[in-house]
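Observations on chain architecture
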Amino acid sequence: MSVDGSAERRKQPTQTQTPSTGNGNCGISSMSLANRLRLNPNKEHKPDSYDDLHQLEFSPLLFSSLERYLPPTMLNGSRDLKLQYMRDILLRYSSESERTRVRKWFNDIENTGRRSSHTISLYTRSYTLCRLHSSLSPHFSKQSMRIQRIALEVLWLNPLLEFIHLKCFSRTSVNCYYPRWVIETNFRIMRPNTMNRYGCVLDDFGLETMLDKVMEDFIRPMSRVFFPEVGGSTLDSHHGFVVEYGTDKDAELGFHVDDSEVTLNVCLGKQFSGGELFFRGIRCDKHVNSETQSEEIFDYSHVPGHAVLHRGRHRHGARATTSGCRVNLLLWCRSSVFRELKKYQKDSSNWCGECQREKKERRRQSIAATKLELLKRDGKPTS
Ligand SMILES: O=C(O)CCC(=O)C(=O)O
Ligand SMILES: [Fe+2]
C-alpha cells in the first residue's frame, strides 16, 4: 500500500509503546499437580548449563531458562533433580508432535549458522544497498566477531544506513504451540504491550535465556556498528513478544516509537496480505510529534522468515492486515547505560532527525549573519 506523505504527516506518534506491566504470571500456574514453577524468576540465580544433554525432548536452552522459575528450595539442588522436575512439567503440556515442532524451532534457530548461508540485504531509505552472504547465528559467540566485521564493511560503504533487513530466520512460528498450553493451564497471558491486544510475552514462556542470547550474540554486534549513538554497543536487557494481526484480531498498529533502543522485528508468518510497516524518521522525546520530511518516508513489506532491525526511536506503525493472519516476533533491546546518560544530555542531535535539522538551521543562520556583517563592514567607507 503506498503512502500519501501529506496524510501521513498528520498522523503523529503521540504514543510510546510500552510493555504491559507484570500481572505476576510468569510461570506455569493454577495447577493442582505437584510440580510447579514460581510466578516470578529469580534473576540473581545463575542457571546450570544443559548443553551437553542432546537427547532431551526440549532444547537445553529452554531448561537453563526455566531454571530461574524453580521453587527456591530447588535452586541449589543437583542438576539431575532440577532437570527431572522441569521435564515433568514440560511433558505434561506437550504432545509428541508438539515437542517435535518446538524442538525443531529451537534447532532451526541454533543451527541457522551451521547449515547454510543466508542473505543479509541492507536497505537505506527505500532501496537495497547491497547484499552480503554470511552465516548468521544467534547462538555462537564466534559469529559475533564476524557479524561485526561485516557490519563495519557495510557501514564503510554506506554511512547513512537506517534499516537492516535480515533474511535469516526460521519460518516456524512459536505461535503454533502456545495456545493449547495457555488453555490447558489456565495461564493468564501477559499481553505484549499497551497497543497490541493479541499475542503474548515470550519471556514468560521460558524463552528469556534464548532471547538474551539472540540479543548478545547477534543483535548487539550489529547494533554496536550500526546504532552506536543510541546505545547499540551496550544493549543489556530485552522485552520479547509475539504480536498477531488479522481481520478477527488487531488489524493494524498505530504510529508510535518503541520503548527500546534497538528493535528486531521478525515476520514468522503465516499467509497474509497488507500489514506493511511505515517508518517516518527518528526522533527524541522533544520532537516525537514533529513533521515528517519527505526523505524520511520509508515503507517496508513483511515477508515470512525475514526481519528488520531498527532504532526504537524510529517512528513507525503497521498498516492493516487485510486478509489472513500475520504473526511477528519482536525483540525490544534496551541499554541501561544509554538511558542513564540520556538524563544528563540535552543534545540529541547525533541521532534525532529534527535536532539535526534545527542544528543545521542555526548554523545556516549564523553563517548568513556573519556574511551580512562582513558585507556591511566591507561596504563602509574607509576613514
Ligand atoms: O506489527 C509489526 O510488525 C510492528 C510491531 C511493532 O512495531 C511493535 O510491536 O512495536
Ligand atoms: Fe513498534
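Please refer to the structure higher up on the page.
Before going into details, it helps to say that this report is about the structure given with it. On a predicted model such as this, the values are computed, not experimentally measured, just so you know. (Residues numbered from 1 in each chain as written. Chains lettered and ligands numbered in written order. Predicted model: local features only at pLDDT ≥ 70, side-chain atom pairs only at ≥ 80, totals over all residues.)

**Some points on the overall build of the chain**
- Counting its secondary structure elements, the chain contains nine helices and 14 strands.
- In the chain, buried positions account for 38% of the 383 residues. (Helix = DSSP H or I, 4+ residues; strand = E, 2+ residues; numbered from the N terminus. Buried ≥ 20, exposed ≤ 12 C-beta atoms within 10 Å, placed from the backbone.)

**Some remarks on the nonpolar core**
- In this structure, Ile219 and Leu331 are the most contacted members of the largest nonpolar core, which totals 48 residues.
- Only helix H2 (60-67), helix H3 (79-93), strand S5 (199-201), helix H7 (208-226), strand S6 (237-246), strand S8 (262-269), strand S12 (306-311) and strand S14 (321-334) provide two or more residues apiece to this core.
- No other element matches the nine residues that H7 contributes to this core.
- Residues in contact with isoleucine 219, not counting those within four places in the same chain, are Val214, Leu235, Val262, Leu264, Leu309 and Cys333.
- In this structure, Leu253, Leu277, Phe279 and Phe298 belong to the second largest nonpolar core, which totals five residues. (Core = buried A, V, L, I, M, F, W, Y, C linked by C-beta atoms within 7 Å. Contact = placed C-beta atoms within 7 Å.)

**A word on the environment of lysine 359**
- For lysine 359, the location among the structural elements is in helix H9 (residues 353-379).
- Put simply, lysine 359 and serine 349 are 10 residues apart on the chain and 7.3 Å apart in space, counted from C-alpha to C-alpha.

**Overview of the packing of H2 against H7**
- Their axes nearest at 7 Å, the elements H2 and H7 cross at an angle of 110°. Considered as vectors, H2 and H7 are oriented roughly perpendicular to each other. Taken together, the residues of H7 that come into contact with H2 (itself represented by Leu61, Ser64 and Ser65) are Glu208, Thr209 and Met210.
- Of the residues belonging to the contact of H2 with H7, the class tally is two nonpolar, three polar and one charged. (Axes fitted to C-alpha atoms, helices over the stretch in contact; angles between N-to-C directions. Parallel < 35°, antiparallel > 145°, perpendicular 65-115°, else oblique. Nonpolar A, V, L, I, M, F, W, Y, C, P; charged D, E, K, R; others polar.)

**So, H2**
- The element H2 is extensively covered by neighbouring structure, given that seven of its eight residues are classed as buried.
- Among all positions of H2, only Leu61, Leu62, Phe63, Ser64, Ser65, Leu66 and Glu67 are buried.

Function cannot be inferred from these measures alone, as they are strictly geometric.
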